[in-house]
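# Observations on chain architecture
The lines below spell out each chain.
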Amino acid sequence: MQIVSLVRTNARMPLKTIAGKVKLARSTVRERLVKLEESGVILGYHARVADADRLSALLLLKLAKTPAPRTVAAITALPEVCRCYSLSGDIDLAVEIEARATSQLNATRDRIATLPDVIDVTTSLILKRDKDS
């Protein structure tokens, strides 16, 4: 799992550097990365791009019933939705959305709030990301 930790920290880290840190040959590291990708442990490599113009919000949803696969599918299909988590407890879903303008953010929030299984939505604007994986 050392390899996963290194890749999580810096997905652009060269194989040579990873191999040196875990004390394995580059070919061995490459094989292990392929196996981790094939097994679904590593789902992809992404660039995090700063976009100062974007607004983000966290929507906390209460649903009439769970599970609600159609509602979750409708939410996750929206292009403004970045993440959707099914939770235990009083809140059923936490949905992170991003938009270029307040009006777009509000329209997405309203679209989600009017889905049949959604009975309550609490919206919190994200002011700052103190840690982002």
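The structure reproduced in this document is the subject of the present report. Here the structure is a predicted model, which means the values were calculated and not measured.

## A short note on helix H5 (residues 102–113)
Helix length check: H5, at 12 residues, gives a terminal C-alpha distance of 16 Å against a target of 16 Å (1.5 Å per residue), a fit within 8%. Taken as a whole, H5 has its buried residues at Leu-105, Thr-108 and Ile-112. The buried side chains of H5 occupy one side of the element, clustering within an arc of 65° when seen end-on. Exposed side of H5, more than 90 degrees from the buried face: Thr-102 and Ser-103 are the residues found there. Those residues of H5 that are buried lie in contact with strand E1 (55–63), helix H4 (69–76), strand E2 (81–86), strand E3 (93–99) and strand E4 (118–125).

## Side note on the packing of helix H1 (residues 2–9) against helix H3 (residues 26–38)
Between H1 and H3, the least distance of the axes is 11 Å, while the angle of their chain directions is 80°. With respect to H3, the element H1 is oriented roughly perpendicular. Contact residues: H1 offers Ile-3, Val-4 and Val-7, while H3 offers Val-29, Arg-32, Leu-33 and Leu-36. Broken down by class, the residue content of the contact of H1 with H3 amounts to 6 nonpolar, no polar and 1 charged.

Here is what the cut-offs are and how they apply
- Residues numbered from 1 in each chain as written.
- Predicted model: local features only at pLDDT ≥ 70, side-chain atom pairs only at ≥ 80, totals over all residues.
- Heavy atoms only, no water.
- Helix = DSSP H or I, 4+ residues; strand = E, 2+ residues; numbered from the N terminus.
- Expected span 1.5 Å × (residues − 1).
- Buried < 20%, exposed > 50% of the residue type's maximum accessible area, 1.4 Å probe, protein only.
- Arc of directions from axis to C-beta.
- Contact = heavy atoms within 4.5 Å.
- Axes fitted to C-alpha atoms, helices over the stretch in contact; angles between N-to-C directions.
- Parallel < 35°, antiparallel > 145°, perpendicular 65-115°, else oblique.
- Nonpolar A, V, L, I, M, F, W, Y, C, P; charged D, E, K, R; others polar.

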